[in-house]
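# Summary of the model geometry
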Amino acid sequence: MSWRDQLWQYCANPENFPTIVVKYDNDYVAINDQYPKSKKHFLVMPRKRIGLKDLTKQDIPMILEMEKMGSSLIQDNQEFKMGFHAVPSMNQLHLHVISVDHVSTCLKLKKHYLSFTTDFFVPVDTMIDLPSIDIEKYEALLKGKLVCHHCKQEFKTMPKLKQHLEEIYK
DNA sequence: GTTCTAGAAC
DNA sequence: GTTCTAGAAC
Ligand SMILES: Nc1ncnc2c1ncn2[C@@H]1O[C@H](COP(=O)(O)O)[C@@H](O)[C@H]1O
């Protein structure tokens, strides 16, 4: 199995991963991201095999159901964001449901941080318009400056940014 | 996506 | 000398 297909196993056999799968029904699965990029980080997926590039108008209700399962995982008073990476690495369609802190040991690279804090992160409401994705344009966003999403301060290295995030979200 | 690690940057 | 980033992985 290619590493790009690793998320599919949770959709095909959710009962085989009781410590990773947090919720599932006939059509959708929610898991704990195995390399969380915040204190809380879930992925919600449809159980049918489908990728971001396959989405059509007919899939809009499915996207909204994914959002619904995402909402069911979080409390009203918690600060989360929900969206898709414009250019995902993993093939199976997955909605990121992630707390806004970005405090996590798995957050290591500049592109990790920028993939959640720039337009590379496409919210559900934008995705249901089925935007055409210019891959080069979106990948360029991952090479931008490191700016704290909370207070707009710029940092020269990831360790400095991470230290800052730990302070504001402690 | 991650791991590993060479060599750039400090 | 240590910290940090970035490119290969068959
Ligand atoms: N084996 C895995 N099991 C669960 N989640 C994973 C696995 N490998 C990668 N991930 C997560 O899957 C997400 C894929 O991100 P992306 O394709 O950029 O939207 C990332 O948040 C990874 O941390």
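Worth saying up front: this structure is predicted, and the values here are computed from it rather than measured.

The subject of this paragraph is the protein's contact with DNA strand C. As a structural note, the neighbourhood of DNA strand C is formed by Thr-157, Met-158 and Pro-159. For DNA strand C, the fraction of protein-proximal atoms (within 4 Å) that sit in sugar or phosphate groups is 100%. With respect to DNA strand C, the backbone of Met-158 contributes an N or O atom lying 3.0 Å from a phosphate oxygen.

With respect to spatial proximity, 16 residues lie near the ligand, and among them Tyr-10, Asp-33, His-85, Ser-89 and His-94 are the closest. The separation between an oxygen atom of the ligand and a polar side-chain atom of Lys-37 is 3.2 Å. At a separation of 2.7 Å, an oxygen atom of the ligand approaches a polar side-chain atom of His-85. Contact with the protein chains hides 88% of the accessible area of the ligand, taken as 510 Å² for the molecule alone. Structurally, the ligand is housed in the largest pocket. Considering only residue class, the shell around the ligand consists of seven nonpolar, seven polar and two charged.

Turning next to the protein's contact with DNA strand B. With respect to spatial proximity, the complete set of residues near DNA strand B consists of Trp-3, Tyr-35, Lys-37, Ser-89, Met-90, Lys-108, Lys-111 and His-112. The sugar and phosphate moieties of DNA strand B supply 56% of its atoms located within 4 Å of the protein. In this structure, a phosphate oxygen belonging to DNA strand B sits 3.2 Å away from a side-chain N or O atom of Lys-111. For the surface near DNA strand B, the class distribution of residues is three nonpolar, two polar and three charged.

The subject of this paragraph is empty space enclosed by the protein. Enumeration according to the criterion identifies one cavity of 30 Å³ or more in this entry. The volume enclosed by the largest cavity comes to roughly 50 Å³. Leu-52, Phe-84, His-85, Pro-88, Met-90, Asn-91, Gln-92, Leu-93 and His-94 together form the lining of the largest cavity. Of the residues in the lining of the largest cavity, the class split is five nonpolar, four polar and no charged.

Let's shift gears to the packing of aromatic side chains. Tallying each qualifying case throughout the model produces three aromatic pairs. Look at Phe-42 and Phe-80: their rings are 6.4 Å apart centre to centre, the planes differ by 15°, and that puts the pair in the stacked class. Separated by 38 residues along the polypeptide, Phe-42 in strand β3 (residues 41-46) and Phe-80 in strand β4 (residues 80-85) bring together distant segments of the chain. Judged by relative accessible area, which is 17%, Phe-80 ranks as buried. Over the ring of Phe-121 we find Lys-81; its NZ or CZ atom is 5.7 Å from the centre of that ring.

What follows concerns the pairing of strand β2 (residues 28-32). Within β2, four of the five residues are buried, which leaves it mostly tucked inside the rest of the structure. Direction of pairing for strand β1 (residues 21-24) relative to β2: antiparallel, over a ladder of three bridges. What sits directly across from Tyr-24, in β2, is Val-29. The loop that links β1 with its antiparallel partner β2 comprises three residues. Bridging between β2 and β3 involves five bridges; their strand directions are antiparallel. Across the sheet, the residue bridging to Asn-32 is Phe-42, located in β3.

Definitions and cut-offs
- Residues numbered from 1 in each chain as written.
- Chains lettered and ligands numbered in written order.
- Predicted model: local features only at pLDDT ≥ 70, side-chain atom pairs only at ≥ 80, totals over all residues.
- Heavy atoms only, no water.
- Near = heavy atom within 4 Å.
- Polar contact = N/O pair within 3.5 Å; in protein donor to acceptor, adjacent residues only side chain to side chain.
- Areas by Shrake-Rupley, 256 points an atom, 1.4 Å probe, with all protein chains shown as cover.
- 1 Å grid on protein atoms, 1.4 Å probe; cavity = no way out; pocket = protein on both sides within 12 Å on 5 of 7 lines; lining within 4 Å.
- Sits in = over half its atoms within 2 Å of the grid points.
- Nonpolar A, V, L, I, M, F, W, Y, C, P; charged D, E, K, R; others polar.
- Points joined across faces, edges and corners; volume = space filled by probe spheres on them.
- Phe/Tyr/Trp six-rings, centres within 6.5 Å; stacked < 30°, edge-to-face > 60°.
- Helix = DSSP H or I, 4+ residues; strand = E, 2+ residues; numbered from the N terminus.
- Buried < 20%, exposed > 50% of the residue type's maximum accessible area, 1.4 Å probe, protein only.
- Lys NZ or Arg CZ within 6 Å of the ring centre and 35° of its normal.
- Pairing = 2+ DSSP bridges.

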